[in-house]
Amino acid sequence: MTPDTHHNLVPDNLDAFWMPFTGQRQFKKDPRFIVSAEGMYYTDSQGHETLDGSAGLWCVNAGHHRTQINDAIAQQLDTLDFAHSFNSGHPIAFQYADRLVKHVPDPLNHVFFTNSGSESVDTALKIALAYHRRNGQAGRQRLIGREKGYHGMGFGGLSVGGLVKNRNPFGLLLPGTDHIGQTHGLPANRFARGLPPEGKDLALDLERLVELHGADAIAAVIVEPVGGAGGVHLPPVGYLQLLRDICDRYGILLIFDEVITGFGRTGACTAAERFGVTPDIITTAKGITNATIPMGGVFVSDAIFERFMETDVPGVELAHGYTYSGHPVACAAGMAALDIYEQESLFQRPAQLQTVWQDSALALQSLPNVIDIRCFALLGAVELSPRADAPMQRGLEVAQRCYQKGAWVRPIGDSLVLSPPLIISEQEIQKLFTIIGEAISETS
Ligand SMILES: Cc1ncc(COP(=O)(O)O)c(C=O)c1O
């Protein structure tokens, strides 16, 4: 389409939409409208094309405009637009759940459907609390997150989250939460190829909280296996296994928040599988439907599920759910996304592309102001030194320049974070990093 065709898509009035996580006043002075997307590319209202370096927001894992998914959605709408799942059922939710759990490590064989990552996290935390009550351990009420972690914007996820700018505006948040120390920033891990070699023992910080609160007061620990929205923080080699061991020792449930890492990002359907560490609960969303229809899923182990089922009391075992849990259209979208992931072996792409991804990323390390590069699977971050007088400004300017040059990358602070669709080619990886490199060199 020509720029003119796009022009009539630009809205006249920008006032009514209160945009999420956006500086409204700044954006609305100089707005940018994305009007279409195809494969690896977005097009804006000026007709300018950009390579999508972020898979939307870590979610369009199979690339844009997958007609197979669109067709499945249309067909589902023509058949059954909506039926709820409160003491009622429609076939596709059961069929989809049955298929989905086969992609997640044993024994996580049950899935609770939600509509977003934030709902998945809150659901997981509630299941953990309710599980311990069922187990006769009602004292286990503390929920532990990690500094710099991101678990969405529900009160539960925000409370275990560790990003001060997100927490601060909202006061005290949930009582009884605490945080283990972050894993980011060890000098020995700078510019590591793949997982950081140092820092496994940072997991021992959980023992500090066990000593402080008592193990029998702690319900669960939630971590992102690879931190995303905090700036792409990779787990040190051995760290996740050590966390698992400590949780086992003290009867604490381990939750992996795989809202970003789920559905292929690390080179397997889940990071749990990729790293060979099985948590008790996994939260997902985003790539579950290739971002076409909002949906999330919380996977729980047999042991947890069965604990809820082992009761003589009739009726609801878990008083929790959403109007749209297992929405038929979302299930159809998820089913079609799974078809694509399977047919195109997309979960294997990060391993196939890893060498070119890492070579291309690390080639930027001698550029001015580059203080760290993190690259693993199809995840990455290029961290720039903050300007003394204006932190985050350099990252923003480099990202803007990348956009002008044809690559859309996301600045988080002074890091440019990367998570392209898994369909990216080797040439597109090289193009992405060439643009980033040029943009860095051209920005003071
Ligand atoms: C690890 C993690 N958990 C939860 C969420 C929240 O997901 P949503 O924005 O769909 O609520 C995100 C979003 O980026 C995330 O990265």
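Just so we're clear, the structure is a prediction, and the values are computed from it rather than from any experiment.

This part is about the overall build of the chain. Of regular secondary structure, the chain possesses 16 helices and 15 strands. Radius of gyration (C-alpha) of the chain: 22 Å, near the 22 Å computed for a compact globule of 444 residues. With the C-alpha coordinates of the chain rotated into their principal frame, the extents come out at 65 × 55 × 45 Å. Each of the 444 residues in the chain was classed as buried or not, and the buried ones make up 47%.

The subject of this paragraph is the pairing of strand 1 (residues 34–38). Two strands pair when backbone bridges link them, and strand 1 and strand 2 (residues 41–44) are joined in this way by four bridges, in the antiparallel orientation. Bridge pairing in strand 2 links Glu 38 to Tyr 41. The turn joining strand 1 and strand 2, which pair antiparallel and follow one another in sequence, is formed by two residues; a positive phi near 60 degrees is taken by Gly 39.

For the rest of this paragraph, the subject is the domain arrangement of the chain. Domain boundaries assigned for the chain yield domain 1 (3–62 + 346–441) and domain 2 (70–343). Broken down by secondary-structure element, the contributors of at least two residues to the side of domain 1 that touches domain 2 are helix 3 (55–58), helix 14 (349–362), strand 11 (370–376), strand 12 (379–384) and strand 15 (415–418).

All right, on to the sheet that holds strand 15 then. Read from one edge to the other, the open sheet built from four strands follows the order 11-12-15-14, with strand pairing classed as antiparallel. Each end of this open sheet is capped by a strand with a single partner; those strands are strand 11 and strand 14 (410–412). Averaged over all adjacent pairs, the angle separating strand axes in this sheet is 20 degrees, with direction ignored. On top of the sheet, helix 14 reaches strand 11 and strand 12; it is set at about 175 degrees to strand 11, its chief contact.

What follows covers the nonpolar core. Core analysis: the largest hydrophobic core is formed by 115 residues, its most contacted members being Ala 128, Ala 220, Val 221 and Ile 436. The element that contributes the greatest number of residues to this core is helix 13 (residues 328–343), accounting for nine residues. Here this core spans two domains, since at least three of its residues come from each of domain 1 (3–62 + 346–441) and domain 2 (70–343). Contacts of Val 221, omitting those with residues within four sequence positions, involve Ile 144, Leu 206, Leu 243, Cys 247, Ile 252, Leu 254 and Ile 255.

Lining the immediate surroundings of the ligand are 14 residues, of which Ser 116, Gly 117, Ser 118, Gly 152 and Val 259 lie closest. In terms of residue count, helix 6 (residues 117–134) provides more of the shell around the ligand than any other element does, three residues in total. Grouping the amino acids of the shell around the ligand by side-chain chemistry returns six nonpolar, six polar and two charged.

This brings us to unusual backbone geometry. Glycine aside, the phi torsion of most residues is negative, and most peptide linkages are trans. With an omega of 0 degrees, the peptide bond running from Asp 106 to Pro 107 counts as cis. Looking at where Pro 107 falls in the secondary structure, it is placed in the loop between helix 5 (91–100) and strand 4 (110–114). If you check the backbone angles, Val 232 has positive phi at about 60 degrees while not being a glycine. By the element assignment, Val 232 lies in the loop between strand 7 (218–223) and helix 10 (239–250).

Another aspect to go through is the pairing of strand 4. Most of strand 4 is tucked away: four of the five residues are buried. Where strand 4 meets strand 10 (residues 296–300), five bridges bridge the pair, whose relative direction is antiparallel. Residue pairing in the sheet places Val 111 in a bridge with Phe 299 of strand 10.

Here the focus is helix 16 (residues 426–441). Owing to its 3.6 residues per turn, the α-helix aligns residues three or four sequence positions apart on the same side. With 16 residues, helix 16 should cover 22 Å at 1.5 Å per step; its first-to-last C-alpha distance of 23 Å lies within 8% of that length. Every buried residue of helix 16 is listed here: Glu 428, Ile 429, Leu 432, Phe 433, Ile 435, Ile 436, Ala 439 and Ile 440. For helix 16, the angular spread of buried residues about the axis comes to 155 degrees, placing them on one side.

Packed helix pairs are specified by the crossing angle of their axes together with the interaxial distance, meaning the distance between the axes. Where helix 6 contacts helix 12 (residues 302–309), the axes come no closer than 10 Å and their chain directions differ by 60 degrees. When the axis of helix 6 is compared with that of helix 12, the two are oblique. For the pair helix 6 and helix 12, the crossing hand works out as left-handed. Contact with helix 6, carried on its side by Ile 127, Tyr 131 and Arg 134, involves Ile 304, Arg 307 and Phe 308 of helix 12 and no other residues of that element. Across the contact of helix 6 with helix 12, the residue classes break down as four nonpolar, no polar and two charged.

What counts as what
- Residues numbered from 1 in each chain as written.
- Predicted model: local features only at pLDDT ≥ 70, side-chain atom pairs only at ≥ 80, totals over all residues.
- Helix = DSSP H or I, 4+ residues; strand = E, 2+ residues; numbered from the N terminus.
- Rg over C-alpha atoms; globule rule 2.2 N^0.38 Å.
- Buried ≥ 20, exposed ≤ 12 C-beta atoms within 10 Å, placed from the backbone.
- Pairing = 2+ DSSP bridges.
- Domains from an automatic or database assignment.
- Axes fitted to C-alpha atoms, helices over the stretch in contact; angles between N-to-C directions.
- Contact = placed C-beta atoms within 7 Å.
- Core = buried A, V, L, I, M, F, W, Y, C linked by C-beta atoms within 7 Å.
- Near = placed C-beta within 6 Å.
- Nonpolar A, V, L, I, M, F, W, Y, C, P; charged D, E, K, R; others polar.
- Expected span 1.5 Å × (residues − 1).
- Arc of directions from axis to C-beta.
- Parallel < 35°, antiparallel > 145°, perpendicular 65-115°, else oblique.
- Left-handed = near helix turned anticlockwise from the far one by under 90°.

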